[in-house]
Amino acid sequence: MLSRDDARKLIDQVLSYSKADDCQVTIGERDLAQTRFAVNSITTSGRSDGVAIYIWSTKDRRTGQVATNETSEDALRKAVARSEELAGFAPPDPEYVEPLSPQKYPEIPSYDAATAAAAQKEILSAVKTAVEASQAKGVVSSGYYERTASALALGNKRGNFAYATRTRAEYSLTSRTPDGTGSGWASAEGHRMGDVDGARIAGIAIDKAVLSRKPRPLEPGKYTVVLESAAVSDLLAYMFGLGGVFDARAAEEGRSLFTRRGGGTRLGEKMFSEKITVRSDPFDSRNPGRPWVGNVEVEIGGVGQIFFGGAGVAGPSYLPTEKIDWIEKGVVKNLVYTRYWAEKKGVNPTPLPAANLVMEGEDHSVEDLVRSTERGLLVTHFWYIRYVNLQTVQVTGLTRDGLFWIENGKITHPVMNFRFNESPANVLANVEMLGRPELSDNRIVPAMKVRDFTFSSVSDAV
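A short tour of the structure in this document, coming up.

### A word on the packing of aromatic side chains
Tallied over the full model, the rule gives 16 aromatic pairs. Centre to centre, the rings of Y145 and Y171 are 5.0 Å apart; their planes meet at 25°, and the pair counts as stacked. Of this pair, Y145 sits in strand 4 (residues 140-156) while Y171 sits in strand 5 (residues 161-176), and the two are 26 residues apart along the sequence. By the burial criterion, Y145 is buried, and Y171 matches it. Sitting over the face of the ring of F161, R8 holds its NZ or CZ atom 4.0 Å from the ring centroid. The ring of W383 has R400 lying over it, and the distance from NZ or CZ to the ring centre is 4.5 Å.

### Regarding the sheet that holds strand 6 (residues 183-190)
Taken in spatial order, the 6 strands of this open sheet run 3-2-1-4-5-6, and their pairing is antiparallel. Of all the strands in the sheet, the pair left with one neighbour each is strand 3 (62-68) and strand 6. Averaged over all pairs of adjacent strands, the angle between their axes in this sheet comes to 15°, without regard to strand direction. Two elements, strand 4 and strand 5, share 16 bridges in a ladder whose sense is antiparallel. The partner of T148 across the bridge, within strand 5, is R168. Set on the sheet, helix 2 (residues 73-89) makes contact with strand 2 (41-59) and strand 3; between it and strand 3 the angle comes to about 150°.

### Quick notes on the side chain of H413
Mapped onto the fold, H413 is located in strand 14 (residues 410-414). Only 3.3 Å separates the side chain of H413 from the side chain of R216, close enough to count as a polar contact. At a separation of 3.0 Å, a polar atom in the side chain of H413 contacts the side chain of T412.

### Notes on the sheet that holds strand 17 (residues 438-440)
Strand order in the open sheet formed by 6 strands is 10-9-8-11-18-17, with mixed pairing between adjacent strands. Of all the strands in the sheet, the pair left with one neighbour each is strand 10 (331-332) and strand 17. Taken together, the 2 bridges between strand 11 (residues 357-359) and strand 18 (residues 443-445) define a ladder with parallel strand orientation. Bridge pairing in strand 18 links L357 to R443. In this fold helix 6 (residues 229-236) packs onto strand 11, strand 17 and strand 18, with an angle of close to 125° to the strand it touches most, strand 18.

### Observations concerning the packing of helix 4 (residues 120-137) against helix 5 (residues 198-211)
Interaxial distance between helix 4 and helix 5 falls to 9 Å at its minimum, and their mutual angle equals 30°. With respect to helix 5, the axis of helix 4 lies roughly parallel. The two elements helix 4 and helix 5 cross, and the hand of that crossing is right-handed. Residue-level contacts link A126, T129, A130, A133, S134 and K137 of helix 4 to G198, A199, A202, I206 and D207 of helix 5.

### Things to note about the nonpolar core
Grouped together as the largest cluster of nonpolar side chains are 55 residues, with contacts concentrated most on M239 and F258. In this structure F258 touches M239, V245, F246, A251, G264, T265, R266, M271, F272, V332 and L335, once residues within four positions along its chain are discounted.

### Focus: unusual backbone geometry
In this model, D401 sits at a positive phi of 60°, which is unusual for a non-glycine residue. Judged by its relative accessible area of 3%, D401 falls in the buried class. In this model, N442 sits at a positive phi of 70°, which is unusual for a non-glycine residue. The exposure class of N442 is partly exposed, given its relative accessible area of 27%.

Conventions and cut-offs
Residues numbered from 1 in each chain as written. Predicted model: local features only at pLDDT ≥ 70, side-chain atom pairs only at ≥ 80, totals over all residues. Heavy atoms only, no water. Phe/Tyr/Trp six-rings, centres within 6.5 Å; stacked < 30°, edge-to-face > 60°. Helix = DSSP H or I, 4+ residues; strand = E, 2+ residues; numbered from the N terminus. Buried < 20%, exposed > 50% of the residue type's maximum accessible area, 1.4 Å probe, protein only. Lys NZ or Arg CZ within 6 Å of the ring centre and 35° of its normal. Pairing = 2+ DSSP bridges. Axes fitted to C-alpha atoms, helices over the stretch in contact; angles between N-to-C directions. Contact = heavy atoms within 4.5 Å. Polar contact = N/O pair within 3.5 Å; in protein donor to acceptor, adjacent residues only side chain to side chain. Parallel < 35°, antiparallel > 145°, perpendicular 65-115°, else oblique. Left-handed = near helix turned anticlockwise from the far one by under 90°. Core = buried A, V, L, I, M, F, W, Y, C linked by side-chain atoms within 4.5 Å.

In structure tokens, the structure reads:
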């Protein structure tokens, strides 16, 4: 694994070749072990490591970007020269923000040596448990278990430098009944493999597959729903992060949910249930974040994945990360100011809420939420969600892998899947009861009981 000294030396080497006004470099090295299985049998299993170096060169507000996975002197020289050549073809960016001067980044423990040392042997235990349990229950299961250990670094010509190491384990499992009518799903994740309980995941997915066989149709309409934490996390991705819903500029320019009629923003207004408190907290030990705001890529992706300097809503600013409240007891507490917009408005920039989101909950289990429901639906999770109206944050998607009818506090039978059209903003306003928060898809969120959730049509999908 690339050490701090190794990373600094490599970044300094890249910067030494630069002739541009500004040059910024990120380095991501990743060691990945994975096992994939389908129909109760392992299909692929492997371990790989690699490095990704991204270089941005800027001259006269024109920026060129190059990514390489070669570390020889000749390759790095050519990559820097190529980024400078590409900058010459780019139009000047009128909203260009200069790279950061040296920053003070916090230390956030997010590396577990035992997880970094683990590989196929440790993964196999969880896979074997799922396969044996599936065979015993007469279902077929497919899943993917991935363990990563990463070293991440960034630096620029203005002297800024940061370095961090991270580990992460993620496991998801889908089980199906042989007749094709029942499907169950479950997942777990954490920065330690010890956080991933393979036996629990297998039990949930397999039981849901069996219980969801031969679902009955139900008329579309508005229903009270109990959303498991995975379903809540699926929806919140479209409220906090994707689409820039919390972007201050969009709100001030009249293009946002947070635009006030007649001008201004709805900052400080109570827009959601008093039960809703949401913050970004990279220091939460349940899901520790990076020391900076934004990603450092660990593989070569498409050009344009990252915006230089944080000018774009979705781009990394690489500012030191911080804890920040977005909603407190239903009141909007902060909006996102990019470095460009913050400078223009004379305020401090704020980070994106996409990562390390934490929503407070209540001391209830999912079973408690079901018991409190007279008539409604239990939703396992959602699938293929897309925006319908960005200004209202209305999205559409499908229920999947277990939808159940609740009557008089009990699950009575499985229901055919629905397409839904709903806004996460409405969901946060219509919350009646919350469960205990748990980590799902990089967000710590509770299950929710929500009234008046809109299902628009029945889906034949399992």
